[in-house]
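One-letter residues, chain by chain:
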Amino acid sequence: MKVLMLSTDRTILDPTSRAAERMQRYASRLGWLHIVVYGAGEGREIVLGPSCTVHMAGGIGRLHAYIAYIRLARRLATEHAVQVVSAQDPAFVGCAGILAARAARARLEMQIHTSIFSPAYRTESLQRMVEFLIALVALRGADCVRTVSEELRIEVQKYTKRPVTVLPIAPPPFVAGMPRPKELVAAPAVLVVSRLTKEKRLDRVLRTMAEIPDAHLYILGDGPLRKRLESLSFNLRLGGRVHFLGWVQDPRPFYQHADCFVQSSRYEGYGLSLVEALRSGVPVVTTAVGVVRELPAGAVTVVSDHEYDLLRAIRTTLDSIPEARRRQNAARAGFLSALLTEDAFADRVAAHLSACVSS
C-alpha cells in the first residue's frame, strides 16, 4: 500500500528522532510511505529507509511555504499513484490533504490529536477559531478519521458519518533503572514536558514554583513562549531553580527521577507526556484534560484551574512522595497494562489505513 502523510512535525527530518523512528515502523508495515513536512526555509529530502522518505518543500515565509507544501503533496501523490493521503491535523494540513487526495484520486485519512472541539481551544484566539471552522469543513472531505481518545471520537461523529477509529498514542517502552540525569540537583524535582505555547499555561507553574522555595523545576520542551517564560522566571526571582532544558531526545530518565510531574494545560487531545509519566511511576498533578478523563480514580491528582489548587497539590505531593507513588501506581495499573506497544500501534495504523482503502 502506498501512503502519503502530511505533517508539520519537523523532527521527522532528523533520522535519530522518535518521530522518524515511528515513520520507519509505519513504512515497514505499509510497504511505501512518503512524508511531506511543512516548514519555511530551504527545502530538504531525507531518506529514512528503502521505502520511507521525508520531504520539506520549504519557502520564503509561511504563506509561500504553505503553497509549496500543497504543490509538493499533489505532485508526489499523483506521480506515485498513492492510495491513501493521511493528514496529521484537520485544519490547514487537512486542506492540503484534500487537494492531494483529489489529485491522485486517493482516499483521505484525517488524524485528530488535539481537542479542537473544546471551548477552551476555540476561544483561545482568532486563529484557533479559524482552524476550528476550517476543520469542520475539511472533515467532510475525509474518507476515514483517526482520533486519540474516545472523547474525541464522540465529538467527531457529530460532524461526519465517516468511520472513526480510536488509536491512543503508544509511548516508548519503559526501561527501569535508567541513570539519574546530570541536570537534576539534590533537591525536590518538579518536571514539565511540554511545548512552550499558550494553552500549556506554564506561567501558572512558574508562579506556583515561587511559593515552593525548596524545589527545582525542570522544563523539557521548546516553543514560541520560551523567552517570555524565561523573563517571567527572572521577574519572579526564581534564580537557578528553574531549568529550561529544551527538547530532550530521551526524557525517560527525567520521568523516573523526578518527584512530581505537572501538566497545567487548558486542553489536550491525549497527552503523551502524561502517559509517559504514568508509565514511569512519577506522581502526576494535572488539570482534567485529554486522557485524564479516561483514567481510573486516583491514578493522578486532578486540580481545578485555580492556581491555589495547583500549589496545594504539588506541595502535598512533594511532602509525601513515597505514598503518592504507591497510591497512584496502584490506581493506574490497569490502564498501563492495556497500553499498546509501539509495534502493536504501528500494526493497528496499517490495518486502519488498509480498511480505509477498501471501504
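Relevant structure appears above.
Our subject in this report is the structure included herewith. In this text the structure is predicted, and so the values were computed from the model without any measurement.

## Focus on the packing of helix α3 (residues 92–104) against helix α5 (residues 126–139)
Working step 1: Put simply, α3 and α5 touch, their axes get as near as 8 Å, and they point 30 degrees apart. With respect to α5, the element α3 is oriented roughly parallel. The handedness of the crossing between α3 and α5 comes out as left-handed. Across from F92, C95 and I98 in α3, the residues of α5 making contact are V130, E131, I134 and A138.

## Points about the packing of aromatic side chains
Working step 1: A full pass over the atoms with the stated rule returns 9 aromatic pairs.
Working step 2: Considering the side-chain rings of Y38 and Y66, the 6.4 Å spacing of their centres and the 70 degrees angle between planes classify their relative orientation as edge-to-face. One end of the pair, Y38, is in the loop between β2 (32–37) and β3 (44–49); the other, Y66, is in helix α2 (residues 61–79), and 28 residues separate them in sequence.
Working step 3: Arranged with centres 6.4 Å apart and planes meeting at 90 degrees, the rings of F117 and F132 form a pair that is edge-to-face. Within this pair, whereas F117 is found in the loop between β6 (107–112) and α4 (119–122), its partner F132 is found in helix α5, the two being separated by 15 residues in sequence.
Working step 4: Exposure remark for F117: the relative accessible area of 7% places this residue in the buried category.
Working step 5: For F132, a relative accessible area of 7% translates into the label buried.
Working step 6: Chaining the aromatic ring pairs together yields one cluster made of Y38, Y66, Y69 and F92.
Working step 7: In this structure, K2 packs its charged tip against the face of W32, placed 5.8 Å from the ring centre.

## Let's talk about the packing of α2 against α3
Working step 1: Close contact between α2 and α3 brings their axes to 8 Å; oriented N to C, the two are set at 30 degrees. Regarding the angle of α2 to α3, the classification is roughly parallel. Along this stretch, α2 crosses α3, giving a crossing that reads as right-handed. Of the residues in α3, those in contact with Y66, Y69, I70, A73, R74, A77 and T78 of α2 are F92, V93, C95, A96, L99, A100, A103 and A104.

## Details of the layout of surface pockets
If you roll a probe as big as a water molecule over the atoms, it shows you where there is empty space left.
Working step 1: Looking at the second largest pocket, its volume works out to about 210 Å³.
Working step 2: Taken together, 18 residues line the second largest pocket, and the ones lying closest to its centre are S115, S118, E151, Y267 and R293.
Working step 3: The element that contributes the greatest number of residues to the lining of the second largest pocket is helix α6 (residues 150–156), accounting for 3 residues.
Working step 4: By residue class, the composition of the lining of the second largest pocket is 6 nonpolar, 5 polar and 7 charged.

## Notes on empty space enclosed by the protein
Working step 1: Counted under the stated rule, the structure contains 1 cavity of 30 Å³ or more.
Working step 2: Roughly 80 Å³ of internal volume is contained in the largest cavity.
Working step 3: If you go around the largest cavity, the residues you meet are P171, P172, P173, F174, V175, R252, Y255, Q256, E276, R279 and S280.
Working step 4: Per-class residue counts for the lining of the largest cavity are 6 nonpolar, 2 polar and 3 charged.

## A short note on the sheet that holds strand β7 (residues 144–147)
Working step 1: Pairing within the open sheet is mixed, and its 8 strands lie in the order β3-β4-β2-β1-β5-β6-β7-β8. Here the strands that pair on one side only, and so sit at the sheet edges, are β3 and β8 (164–166). With strand direction ignored, the average angle separating the axes of adjacent strands in the sheet is 20 degrees.
Working step 2: Summarising the sheet, β6 and β7 pair through 4 bridges and their orientation is parallel. In the sheet register, Q111 faces β7, and the bridge partner there is R146.

## What about the sheet that holds strand β14 (residues 301–303)?
Working step 1: Strand order in the open sheet formed by 6 strands is β11-β10-β9-β12-β13-β14, and the pairing between neighbours is parallel. Because the sheet does not close on itself, it has two edges, and the strands there are β11 (242–246) and β14. Each strand axis lies, on average, 25 degrees off the axis of its neighbour in the sheet, ignoring direction.
Working step 2: Note that strand β13 (residues 284–287) and β14 share 3 bridges and pair parallel. Paired with V285 across the bridge in β14 is T301.

Definitions and cut-offs
Residues numbered from 1 in each chain as written. Predicted model: local features only at pLDDT ≥ 70, side-chain atom pairs only at ≥ 80, totals over all residues. Heavy atoms only, no water. Axes fitted to C-alpha atoms, helices over the stretch in contact; angles between N-to-C directions. Helix = DSSP H or I, 4+ residues; strand = E, 2+ residues; numbered from the N terminus. Parallel < 35°, antiparallel > 145°, perpendicular 65-115°, else oblique. Left-handed = near helix turned anticlockwise from the far one by under 90°. Contact = heavy atoms within 4.5 Å. Phe/Tyr/Trp six-rings, centres within 6.5 Å; stacked < 30°, edge-to-face > 60°. Buried < 20%, exposed > 50% of the residue type's maximum accessible area, 1.4 Å probe, protein only. Lys NZ or Arg CZ within 6 Å of the ring centre and 35° of its normal. 1 Å grid on protein atoms, 1.4 Å probe; cavity = no way out; pocket = protein on both sides within 12 Å on 5 of 7 lines; lining within 4 Å. Points joined across faces, edges and corners; volume = space filled by probe spheres on them. Nonpolar A, V, L, I, M, F, W, Y, C, P; charged D, E, K, R; others polar. Pairing = 2+ DSSP bridges.

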